[in-house]
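Coordinates in review
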Amino acid sequence: MAGRGWSSDQGEDAVAGVSERSLFATPQPVPLPSLSPLVQAPGRQPLPVDIPAPIPPTDAGRIVRVRRRIGRVSLPRLRRDIATAAALELDRGIGFLLVPVCLASGAIGYFSLAAEPDLAKLVALVMLTGLLALVSRSWPKTHLCLMAAFLCAAGLLAAKVETWRTATRMLGSEISTQVTGRVVSVDRMETGRIRLTIDVMSTARPILRYAPERVRLSARKIPAELTAGSLVTGYAKLLPPTGPVRPDSYDFSFDSYFAGIGGSGFFLGNPKIVATGDDGMPLSARLSSAVETAREGIADHIRDIVGGAEGEIAAALIVGVRAGIPDEINEAMRRTGIYHIISISGLHMALVAGTIMGLLRGVFALFPDFSARRPVKKYAAVAALCSIAAYLVISGVVVAAERSFIMLAVMLIAVLFDRAALTMRNLAISAIAVIVVSPHEVVGPSFQMSFAATAALVGAYAGWADHRAGKTRPPPPKRSLPGFLTRKLLLATGGLAMTSIIAGGATALFAIWHFQRVSPLSLFANLAIMPIVTLVMFLAVASALLMPFGLDGPSLYLMGKGLTVMIAISSWISERSPVDAVGLISQQSVLLVTIALVIATMATTWLRLGALPFALAGLLIVGDTRTPDVLISEDARLVALPIGGGELAVSRARPNEFTVDNWKRALTSETIVVPEIFTEGDGEFDIADSIGLPPGSPFYCISGVCLARHSSGAIIAHVEDRKDAWKACGFADLIVINDATAYDPCHNPLVLVVTKRQLARKGSAAVFFDRQSAIAPATISFAVDSPYRPWHTQRKFSREARGLPPYNKPDKPAVKPQPPQ
């Protein structure tokens, strides 16, 4: 008969309760008590001695002991304590946890270089550091340092190899041509347009000598029978990948390069199908087309049953298709901090695996004889592993889902071999896999935020488990059913709140750095929505299981109702959420907080206190960055400057919405002030009147020249034609000329002139005025430095970068030919 103690150590689920740190803890010797008169000897009667209860220590006694310890602190003792704690950390396996940190540091170092390094030199560096690490094994400290250098060099080499292996052909200039290619994927946008990703097979009218291998084109309408794998053709306008909308912001050409997208654009008409078969397609392309076709079919099926925005979100949760979600719902979820629900990641993978394992173990429990003889837990783990692998494929392989799959796969495989699932090691293994396969993901927000949140949660709950393990707890008192349910509800609410606080705190600076926004009410939104999401994901799993049999209608219907409640809650909280734009932060602060996060989550001894100085230093310098006074788009068509009062003045009446939204968050502006346009000769405004404009004046446009005045007093001029640029030389501090053939007409070192050709070669720009000196010239910072990295090389081939006018704007007006005499 198995008692309670036996089942806690020898049962099938015994491994699940093992603490990660307890496996590495050094067992302490237990001293045997000496026999005293108070201890009963064998064969004797107990002595009638009254033993007083132990006196609990008072607060005064604790203070005295702390003072004595502080008084005994000395530098040699501190060194010994650090060495002892570091040795204990190494015994507990922190060395392996730091492997992905070193690899990521090397990858970040590669992508931060000003010039492209030589592959042979990186190979030599890896071989040299590896050889030195190998021969230094007799000196432990030196060996550890050289191993760290070797791993950093390996990260550099992995990033270089990925860049060399990708070698995406990037379109250099915009052009219209006949495109024929095979459809890779079909995305239906919220605007009603359809976005096609196409592998280009040929071009015509004109034939491109350096055609991109893959492009992304949108169309108003496509043939009904068009699917992934179809061969299509159509006349399209191709555009080169754009760069950052401002310096130090997200680089779209970088993302396009590693995604294999060499250009984007739109069809000038509706594309036509040339062939629908898969003849001549390689096996990998046929498999990819089959998966994409299945995703499209499932998404359309979900949209037909659920309908509306709920159907789009349901399709995003099941097959990862997010293009059709309305913009207002996306914005509401971003403002409330619950947009992570739409992105398939660890939450979704864990819910799918947990649902499958729970269902199977519940079914096995109905057959006790079979369950007693067979390892049913392992059977359930195998089924869960297969289910999340299928979920990864059908939802599209993104970094968050990839990381979650690897970590859950390691945990489920550990169950198969009766091993303890070491969560931090699982996270390290998944990070190593992602870095080795796709090093460029390290510099992206998805990798940084997903791993930061997961590491913080694992470290925090492991520390809490250690804290509770060291305390003796009395057995819980008997409670009534309402009391029991109330306690469970409070515990679940507290767990959700702490999870949201820990994950939100770990990712806050990364979100601010990448998106210049933070969600003030994310805690309340997550507490309100997470129970609904759990139910929705259970219904999603049930729908996926019942879909092949045509019985998924009721579960999808209930899933849609749950999503309706989620949308209503997020919209209600979003309407009451304050402005989430927080502006720019210092890059050094993000680096220091990252170091603090690594120390706090990976250390298991008192050395984790070393995270405090880095965290405090990072928070102190978080605002140690200068906000640009003027921002200029890379196509020279848009200029913007803050004019005070939360207003951002722009130089065009209809500016690019995405660019303006990014600039508003970076400059902490709430509203846009469009220019006021005057007609020459009406007497209301003249170019010479700009000298009398008060500081903080928006743009006033007349005769192709727009003028504004910064709060510092500097005058900004935006000119459309080079022939009108000289008009602003007498009073402007900054002149932006939207003409690639323009030159500096002022020849004045105090006047900063920026031409379309400069911006085409160097990207968007940020201008800073000297507020201390009125005669000092303005300084400028461009988004793209030269020499170009591989994802920017195409910039020098555009017509604007070569100083040529566009095709539809010749240098001289065309002369109408005269008939012969």
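As shown above, the structure is provided for reference.
Residues numbered from 1 in each chain as written. Predicted model: local features only at pLDDT ≥ 70, side-chain atom pairs only at ≥ 80, totals over all residues. Heavy atoms only, no water.

This paragraph deals with a positive patch on the surface. There is a patch of like positive charges on the surface, built from Arg468, Arg473, Arg479, Arg487 and Lys488. Within the fold, Arg468 resides in helix H17 (residues 445-469). (Patch = residues over 30% accessible without salt bridge, like charges linked within 9 Å, V, L, I, M, F, W, Y side chains within 5 Å. Areas by Shrake-Rupley, 256 points an atom, 1.4 Å probe, with all protein chains shown as cover. Salt bridge = Lys/Arg side-chain N within 4 Å of Asp/Glu carboxyl O. Lys, Arg positive; Asp, Glu negative; His and termini not counted. Charge placed at Lys NZ, Arg CZ, Asp CG, Glu CD. Helix = DSSP H or I, 4+ residues; strand = E, 2+ residues; numbered from the N terminus.)

Counted at 1.5 Å a residue, the expected span for helix H18 (residues 481-515) with its 35 residues is 51 Å, and the 47 Å between its end C-alpha atoms agrees. At Thr507, H18 shows its strongest bend, of approximately 45 degrees. Of all the residues in H18, the buried ones are Ala497, Ser500, Ile502, Ala503, Ala506, Thr507, Leu509, Phe510, Ala511, Ile512 and His514. Here the buried face of H18 lies against H17, helix H19 (522-546) and helix H21 (587-602). Directly beyond the C-terminal end of H18, a positive phi value near 55 degrees is found at Gln516. (Expected span 1.5 Å × (residues − 1). Bend = angle between axes of the 7 residues up to and from the residue. Buried < 20%, exposed > 50% of the residue type's maximum accessible area, 1.4 Å probe, protein only. Contact = heavy atoms within 4.5 Å.)

For helix H8 (residues 252-259), the complete set of buried residues consists of Ser253, Phe254, Ser256, Tyr257 and Phe258. Next to the buried residues of H8 lie helix H5 (99-111) and helix H7 (140-166). Note on H8: the residue one or two positions beyond its end, Gly260, has a positive phi of about 80 degrees.

Next up on the list: a negative patch on the surface. Together, Glu190, Asp327, Glu328, Glu657 and Asp661 give the surface a local cluster of negative charge. Elements supplying a minimum of two residues to the negative patch: helix H11 (327-336) and helix H23 (657-666). For Glu190, the position within the fold is in the loop between strand S1 (175-188) and strand S2 (194-204).

As used here, a disulfide is simply a covalent bond connecting the sulfur atoms of two cysteines. Taken as a whole and judged by the stated rule, the model has two disulfides. Disulfide pairing places Cys701 opposite Cys706 at an S-S distance of 2.0 Å. Judged by the sign of its S-S torsion, about 110 degrees, the cystine formed by Cys701 and Cys706 is right-handed. Here Cys706 falls in the buried class, since its relative accessible area comes to 9%. Each sulfur in the disulfide pair Cys729 and Cys746 lies 2.0 Å from the other. Across the S-S bond of Cys729 and Cys746 the torsion is about -80 degrees, and the bridge reads as left-handed. Of the two residues, Cys729 is situated in the loop between strand S14 (715-719) and strand S15 (734-737) and Cys746 in the loop between S15 and strand S16 (752-755); the sequence distance between them amounts to 17 residues. (Disulfide = S-S within 2.5 Å.)

This brings us to the sheet that holds strand S9 (residues 647-650). Spatially, the six strands line up as an open sheet ordered S10-S9-S8-S7-S17-S18, and their pairing is mixed. A single partner strand is all that each edge strand has here, and the edge strands are strand S10 (671-673) and strand S18 (779-782). Geometrically, the sheet is characterised by an average inter-axis angle of 25 degrees between neighbouring strands, direction not taken into account. Note: strand S17 (residues 765-768) against S18, four bridges, orientation antiparallel. The residue of S18 that forms the bridge with Ala765 is Phe782. (Pairing = 2+ DSSP bridges. Axes fitted to C-alpha atoms, helices over the stretch in contact; angles between N-to-C directions.)

For the pair H19 and helix H20 (residues 553-575), the least separation of the axes is 9 Å and the interaxial angle reads 165 degrees. The orientation of H19 relative to H20 falls into the category roughly antiparallel. Relative to H20, the crossing made by H19 is left-handed. When H19 is examined against H20, the residues Phe524, Ala525, Ala528, Ile529, Ile532, Val533, Val536, Leu539, Ala540, Ala542 and Ser543 are found in contact with a partner set consisting of Ser555, Leu556, Leu558, Met559, Gly562, Leu563, Val565, Met566, Ile569, Ser570 and Ile573. In the contact of H19 with H20, the residues fall into 18 nonpolar, four polar and no charged. (Parallel < 35°, antiparallel > 145°, perpendicular 65-115°, else oblique. Left-handed = near helix turned anticlockwise from the far one by under 90°. Nonpolar A, V, L, I, M, F, W, Y, C, P; charged D, E, K, R; others polar.)

All we've got here are geometric facts, nothing functional implied.
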